[in-house]
Amino acid sequence: MSTVPDKVTFAVVSDLQYAPIPPVKNRHFAKAGIKLREAISVINRLRPDFLINLGDTIDRSFENFKEIVPIFQKADMPVYHVLGNHDYGVEDVLKSQVSNALGIANYYHFSIKKWRFIVLDGNEVSTFANLPGSRNHCAAEKILQNMQENQSINAHFYNGGVSKHQLDWLDTVLKTATGNDESVVIFCHYPLFPPDKHNLLNATEVMKKIIKYPCAKVWFCGHNHQGNYGMHRDIHFINVRGMVEGEFDNAWSIVSLDNRCISMKGFGNEISAQLVLRKNN
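Residues numbered from 1 in each chain as written. Predicted model: local features only at pLDDT ≥ 70, side-chain atom pairs only at ≥ 80, totals over all residues. Heavy atoms only, no water.

Draft legend 1. A look at the sheet that holds strand E6 (residues 183-187). Spatially, the 6 strands line up as an open sheet ordered E4-E5-E6-E7-E9-E8, and their pairing is mixed. Among the strands making up the open sheet, the edge pair consists of strand E4 (108-112) and strand E8 (228-232). Each strand axis lies, on average, 15° off the axis of its neighbour in the sheet, ignoring direction. For E6 and strand E7 (residues 216-221), the ladder comprises 4 bridges, and the chain directions are parallel. If you follow Phe 187 over to E7, its bridge partner there is Phe 220. Here helix H5 (residues 164-179) sits on the sheet and contacts E4, strand E5 (115-119) and E6; the angle it forms with E5, its principal contact strand, is near 175°. (Pairing = 2+ DSSP bridges. Helix = DSSP H or I, 4+ residues; strand = E, 2+ residues; numbered from the N terminus. Axes fitted to C-alpha atoms, helices over the stretch in contact; angles between N-to-C directions. Contact = heavy atoms within 4.5 Å.)

Okay, structure coming up:
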């Protein structure tokens, strides 16, 4: 682990979609546990400050959490999880237990040194994470209908959005980070930028919120298994690749942050990059 005062390192995995089922196209669901074990064995040797899982931990059945979560527990550092759309592909009566299965709140934040890490729940307003007839399910139906009428590129049932309450919470955390002279990394399962069919339903609204704050440096996401990258108002938007893709191929990375740049060391199919960070003011 680095001795540079403001340097933080973390490991990133995403879209394991573990399930003991045959592959579909290039998604090898049953191989996810093997790939995660391989990644964690290397991550433990590299000793980052934490490991972040960007969502879609499982597929198809709530029982699959019992198989994959213990593998994460083999990590020798704190592990944080983000909720993804496939995590809610479970029985309706168990949807409310998904976050408990991962041992997290739906959205939360934590800090290390002069960095604030914010985890958003992009499933909050969706048709898949909420029961039919519930407020957020109805809200998602209305949003999707309007987006489809306007032929929005991301008007798809597999995308979700964040509520006004969560947006207000995000604003409060960003204000606190600004007051503490902290730099901010945001984790969400869904992309925000560039425009893409996988993006958060209310991506425009969320973007307007975060670009007001110079402390916001990076947005990390999954969901689009092929990966993607964009930059807007000096904020880096990094879409990492999905671990579920390929029978033998793996995809994960080690990220290093300091007050000048973000460095990504990709493993397997994940890319490596070095990106300059803007100043807080």
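Draft legend 2. Representation of the nonpolar core in the model. In terms of nonpolar packing, the biggest core is built from 81 residues, with Phe 10, Phe 117, Phe 187, Ile 210, Trp 219 and Phe 220 touching the most fellow members. If you tally residues by element for this core, the top one is H5, at 6 residues. Ignoring sequence-local partners within four residues, the contact set of Ile 210 consists of Leu 170, Leu 174, Ile 186, Leu 192, Ala 216, Trp 219, Ile 235 and Phe 237. (Core = buried A, V, L, I, M, F, W, Y, C linked by side-chain atoms within 4.5 Å. Buried < 20%, exposed > 50% of the residue type's maximum accessible area, 1.4 Å probe, protein only.)

Draft legend 3. Representation of helix H1 (residues 32-46) within the structure. Here H1 spans 21 Å end to end across 15 residues, near enough to the 21 Å set by a 1.5 Å rise per residue. Of all the residues in H1, the buried ones are Ala 32, Gly 33, Lys 35, Leu 36, Ala 39, Ile 40, Ile 43 and Asn 44. End-on, the buried residues of H1 take up no more than an arc of 165°, which puts them together on one face. Check the buried side of H1 and you find it contacts strand E1 (8-13), strand E2 (50-53), helix H2 (65-72) and strand E10 (251-257). (Expected span 1.5 Å × (residues − 1). Arc of directions from axis to C-beta.)

Draft legend 4. Geometry of the pattern of salt bridges. By the definition in use, this model includes 10 salt bridges. The structure contains a network of salt bridges with shared partners spanning Asp 171, Lys 175, Lys 209 and Lys 212. (Salt bridge = Lys/Arg side-chain N within 4 Å of Asp/Glu carboxyl O.)

Draft legend 5. Representation of H2. Within H2, the full set of buried residues consists of Phe 65, Ile 68, Val 69, Ile 71 and Phe 72. Angular distribution of buried residues about the axis of H2 spans 155°; they occupy a single face of the element. Among the structural elements, E1, H1, E2, strand E3 (79-81) and helix H3 (98-102) are those in contact with the buried residues of H2.

Draft legend 6. Region of interest: the pairing of E2. Burial along E2 is two-sided: Phe 50 and Ile 52 and Leu 51 and Asn 53, pointing in opposite directions, are all buried. Regarding topology, H1 serves as the crossover connection from E1 to the parallel E2, and that connection is right-handed. Pairing geometry for E2 and E3, over 3 bridges, is parallel. Paired with Ile 52 across the two strands is Tyr 80, which belongs to E3. In the classification by handedness, the crossover that spans E2, the intervening H2 and the parallel E3 is right-handed. (Right-handed = clockwise from strand over helix to strand, strands pointing away.)

Draft legend 7. Focus on the packing of aromatic side chains. Per the stated rule, a full pass over the model turns up 19 aromatic pairs. When the ring of Tyr 107 is compared with that of Trp 169, the centres are 4.9 Å apart and the planes differ by 65°; the resulting orientation is edge-to-face. Taken as a pair, Tyr 107 in the loop between H3 and E4 and Trp 169 in helix H5 lie far apart in primary sequence, 62 residues in all. When the ring of Trp 252 is compared with that of Phe 267, the centres are 4.0 Å apart and the planes differ by 0°; the resulting orientation is stacked. On the criterion of sequence distance, the pair formed by Trp 252 in strand E10 and Phe 267 in strand E11 (residues 261-268) is long-range, its members being 15 residues apart. Assessed through its relative accessible area of 4%, Trp 252 is described here as buried. Taken together, Phe 10, Phe 50, Tyr 80, Tyr 108, Phe 110, Phe 117, Phe 187 and Phe 220 form an aromatic cluster joined through their ring pairs. Taking the ring centre of Phe 29 as reference, the NZ or CZ of Arg 60 above it sits at 5.4 Å. If you follow Lys 265 out to its NZ or CZ, it ends over the ring of Phe 267, 5.8 Å from the centre. (Phe/Tyr/Trp six-rings, centres within 6.5 Å; stacked < 30°, edge-to-face > 60°. Lys NZ or Arg CZ within 6 Å of the ring centre and 35° of its normal.)

Draft legend 8. A look at the packing of H5 against helix H6 (residues 203-210). The interhelical angle for the contact between H5 and H6, taken along N-to-C directions, is 20°, at an axis separation of 10 Å. In this view, H5 runs roughly parallel relative to H6, as classed from their interaxial angle. When you trace H5 past H6, the crossing you get is right-handed. Judged by residue contacts, Leu 167, Leu 170, Asp 171 and Leu 174 of H5 engage Glu 205, Val 206, Lys 209 and Ile 210 from H6. A breakdown of the residues in the contact of H5 with H6 according to their chemical character gives 5 nonpolar, no polar and 3 charged. (Parallel < 35°, antiparallel > 145°, perpendicular 65-115°, else oblique. Left-handed = near helix turned anticlockwise from the far one by under 90°. Nonpolar A, V, L, I, M, F, W, Y, C, P; charged D, E, K, R; others polar.)

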